[in-house]
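Survey of secondary and tertiary structure
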Amino acid sequence: MSRTSRSASRIGSAVIATAASVVLLTACNSASVPMEPAPDAAAPECAEVSVRLPSTVDGLELRLTNAQATGAWGTPAGVLLRCGVPTPGPTSEQCVSLSGIDWIVDDSQAPTYRFTSYGRTPAVEVVVDSDVASGTTVLVDLDDAVSRLPKTGACVGADDVLG
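Presented here is an overview of the structure given in this document.

What counts, and at which threshold
- Residues numbered from 1 in each chain as written.
- Predicted model: local features only at pLDDT ≥ 70, side-chain atom pairs only at ≥ 80, totals over all residues.
- Heavy atoms only, no water.
- Disulfide = S-S within 2.5 Å.
- Helix = DSSP H or I, 4+ residues; strand = E, 2+ residues; numbered from the N terminus.
- Buried < 20%, exposed > 50% of the residue type's maximum accessible area, 1.4 Å probe, protein only.
- Pairing = 2+ DSSP bridges.

**Some thoughts on the state of the cysteines**
Here the structure, examined in full by the defined rule, presents 2 disulfides. A disulfide bridge connects Cys46 with Cys83, and the sulfur atoms are separated by 2.2 Å. Judged by the torsion about the S-S bond (-80 degrees), the Cys46/Cys83 disulfide is left-handed. Taken together, the residues span a long stretch of sequence, with Cys46 in helix α2 (residues 44-50) and Cys83 in strand β4 (residues 79-85) at a distance of 37 residues. Owing to a relative accessible area of 0%, Cys83 belongs among the buried residues under this scheme. What pairs with Cys95 in a disulfide is Cys155, and their sulfur atoms sit 1.5 Å apart. Of the two residues, Cys95 sits in strand β5 (residues 95-98) while Cys155 sits in the loop between α4 (143-146) and α5 (158-162), which places them 60 residues apart along the sequence.

**So, the pairing of strand β8 (residues 123-129)**
The element β8 is largely enclosed, with a buried count of 6 among its 7 residues. Of the pairings in the sheet, the one linking β4 to β8 comprises 6 bridges and is antiparallel in character. Bridge pairing in β8 links Leu81 to Val126. Bridge count for strand β7 (residues 112-118) against β8 is 5 bridges, and the pairing is antiparallel.

Structure representation (structure tokens):
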């Protein structure tokens, strides 16, 4: 084999190795959970939430996502979080308080529950598959991250209004 053909062979091997590396890296990236960022995901407050997301919620491991200010736990993902959703206004929907954070509960898609922080701007939305995780446990596990959002209000009940 001539010197030129050996060099060409080495270059060809290097190109194939590089291409294989790109394919492997792309395959690793495809393991991230596809999500849509919330409208206000770029808010600095959401960055505070994102850096404090716990490595586990209700025993489910944190996974990579492909969108800003999001989180996903479990394989397949049984808990999804988006920071920067619109801040809810007054509502008659069920509102619960856990660890000092108020949450609006949407059970219309049970056994999948949607919890939206109330009285925090921007708001956080957490979707929990209750066949995989406990909504209460997940919200308690997220309290350190979500508590970083500025408190602008709180849930009130009939006793609060009627005195």
